[in-house]
Amino acid sequence: MKYNLHTHTYLCKHAFGSAQEMVEQGLKDGYQIIGISDHIAYPTKNTAFRMEYEEKNSYLEDLKNLKIKYQDKITVLRGFEAEYQRELLYQLVDMFYNNQIDYLILGQHYRNIHKSNTYYGNRLSSRHIKNYVDQCIEAMKTGLFLFVAHPDLFMNSLEYFDENCYDESVRLIKAAIKYDVYLEYNAGGVRYGERLGLYQHEYSYPRLEFWELVKKFDAKVVINSDAHSPLQISDSAYKLACQQAYDLELNIVENIDLKEYNKRVNDFVIEYNKIREQSI
């Protein structure tokens, strides 16, 4: 099964191309499944680089129409890349309940989506690294997220893979295994290239030390392009990321288990709404 589940459109303000152009390119590149997963819009004032909240419904309607239009040619999955923030969980649940989305990606870019200075890609203290992993684990427990995008983002500005990075990486990887959530080997980091000044001139992500641990614990891995234009869906960075992941002999998922994922989501949505009704 050839799939690519991490793509962005012009609505996020740092990408190019429409959802339809992404689907057309995916079809041209021979994919069986293409996922459109722009950064989710939040109803409150929040960090930039995402669509406006007023654009959310038109985005979802567009994806619904594309799913129908291309159903005989390619499977179009409707999604969002979202941070996990407990007080906004209702928004994620409601979109599944109303059949507006097929999947969610956990892209935990910010500790607090209301504050841009809480970006996890900045140089982090040990406490903030722990916060990152805590939030990822809490998100994974819900069952709403199909995979964790660039799970090693917290090492984006760190030169050394120290003992704390090791311990927190192990904690995150073990949680992914426990809750059956895939970890993403992200071509976006490969596309950025190696960062000068980092130890051994590694990528900011994917970080070799992290992925060696993923291999050690045999966690399930998906490879995605993190495309910010149609031509990035199968570009040289994506092909190199695929080569790297296979060379590392990671446990790469060839067939996405959407049936099991949908069951997990439905179970959580039913339980969440039951609790919400009781509290009213």
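Because the structure is predicted, anything quoted here is derived from the model rather than measured.

Peer 1: Before we move on, could you go through the overall build of the protein and cite the residues and values that matter?
Peer 2: From N to C terminus, the protein includes nine helices and eight strands. Projected onto its principal axes, the C-alpha positions of the protein cover 50 × 45 × 35 Å. Expressed as a percentage of the 280 residues in the protein, the buried residues total 56%. Once local pairs closer than 6 in sequence are excluded, the contacts in the protein between residues at least 24 apart make up 77%. Here the protein displays about 13000 Å² of accessible surface, and carbon together with sulfur accounts for 50% of that area. Computed over 33 positive and 40 negative side-chain charges, the inter-centroid distance for the protein is 3 Å.

Peer 1: With reference to specific residues and values, describe the environment of methionine 1.
Peer 2: Along the polypeptide, methionine 1 turns up in the segment before strand E1 (3-4). In the structure, methionine 1 is positioned 20 residues away from glutamate 21 in sequence and 21 Å away in space, judged by C-alpha atoms. Apart from residues lying up to four places away in sequence, methionine 1 is in contact with Gln32, Ile33, Glu254, Asn255 and Ile256.

Peer 1: Before we move on, could you go through unusual backbone geometry and cite the residues and values that matter?
Peer 2: If a residue is not glycine, its phi is most likely negative; likewise, a peptide bond is most likely trans. Note the cis peptide between tyrosine 205 and proline 206, where omega equals 0 degrees. Position of proline 206 relative to the elements: it lies in the loop between helix H6 (187-192) and helix H7 (208-217). Of note in the backbone geometry, aspartate 180 takes a positive phi value of approximately 55 degrees without being a glycine. For aspartate 180, the location among the structural elements is in the loop between helix H5 (163-178) and strand E6 (182-186). A relative accessible area of 30% means that aspartate 180 is categorised as partly exposed.

Peer 1: Which residues make up the pattern of salt bridges, and what values go with them?
Peer 2: Counting across every chain of the model gives 15 salt bridges. One salt bridge connects arginine 191 with aspartate 235, and the closest N-O pair in it is separated by 2.8 Å. Placement of the pair is arginine 191 in helix H6 and aspartate 235 in the loop between strand E7 (220-224) and helix H8 (236-247), with a sequence separation of 44 residues. It is possible to trace a salt-bridge network through shared partners that takes in Lys130, Asp134, Glu168 and Arg171.

Peer 1: An account of the packing of aromatic side chains is needed here, citing residue identities and associated values.
Peer 2: Throughout the structure, instances matching the rule amount to eight aromatic pairs. Ring centres of tyrosine 59 and phenylalanine 80 lie 5.0 Å apart, and the angle between their planes is 35 degrees; on these two criteria the pair is classed as tilted. In this pair, tyrosine 59 is assigned in helix H2 (residues 56-69) and phenylalanine 80 in strand E3 (residues 75-82), connecting sequence segments 21 residues apart. What makes tyrosine 59 buried here is its relative accessible area of 3%. Site record: aromatic cluster; members linked through ring pairs are Tyr120, Tyr132 and Phe154.

Peer 1: Could you give an account of empty space enclosed by the protein, with specific residues and numbers?
Peer 2: A complete count under the given rule lists one cavity of 30 Å³ or more for this structure. Lining the largest cavity are Tyr42, Glu83, Gln85, Leu88, Leu89, Gln91, Leu92 and Ile113. Grouping the constituent residues of the lining of the largest cavity by class yields five nonpolar, two polar and one charged.

Peer 1: Give me the lowdown on helix H4 (residues 126-142), citing residues and values where you can.
Peer 2: Between the first and last C-alpha of H4 there are 25 Å, a value that for 17 residues agrees with the 24 Å anticipated at 1.5 Å per step. On the buried face of H4, the contacting elements are helix H3 (89-97), strand E4 (103-106), strand E5 (145-148), H5 and helix H9 (258-279). Note on H4: the residue one or two positions beyond its end, glycine 143, has a positive phi of about 85 degrees.

Peer 1: Now, about the pairing of E7: what can you tell me, with residues and values included?
Peer 2: Among the five residues that make up E7, four are buried, leaving the element largely enclosed by the rest of the structure. Bridge count between E6 and E7: four bridges; the pairing is parallel. Paired with leucine 183 across the bridge in E7 is valine 221. Strand direction decides the pairing type here: E7 and strand E8 (residues 251-252), joined by two bridges, are parallel.

Rules used in this analysis
- Residues numbered from 1 in each chain as written.
- Predicted model: local features only at pLDDT ≥ 70, side-chain atom pairs only at ≥ 80, totals over all residues.
- Heavy atoms only, no water.
- Helix = DSSP H or I, 4+ residues; strand = E, 2+ residues; numbered from the N terminus.
- Buried < 20%, exposed > 50% of the residue type's maximum accessible area, 1.4 Å probe, protein only.
- Contact = heavy atoms within 4.5 Å.
- Areas by Shrake-Rupley, 256 points an atom, 1.4 Å probe, with all protein chains shown as cover.
- Lys, Arg positive; Asp, Glu negative; His and termini not counted.
- Charge placed at Lys NZ, Arg CZ, Asp CG, Glu CD.
- Salt bridge = Lys/Arg side-chain N within 4 Å of Asp/Glu carboxyl O.
- Phe/Tyr/Trp six-rings, centres within 6.5 Å; stacked < 30°, edge-to-face > 60°.
- 1 Å grid on protein atoms, 1.4 Å probe; cavity = no way out; pocket = protein on both sides within 12 Å on 5 of 7 lines; lining within 4 Å.
- Points joined across faces, edges and corners; volume = space filled by probe spheres on them.
- Nonpolar A, V, L, I, M, F, W, Y, C, P; charged D, E, K, R; others polar.
- Expected span 1.5 Å × (residues − 1).
- Pairing = 2+ DSSP bridges.

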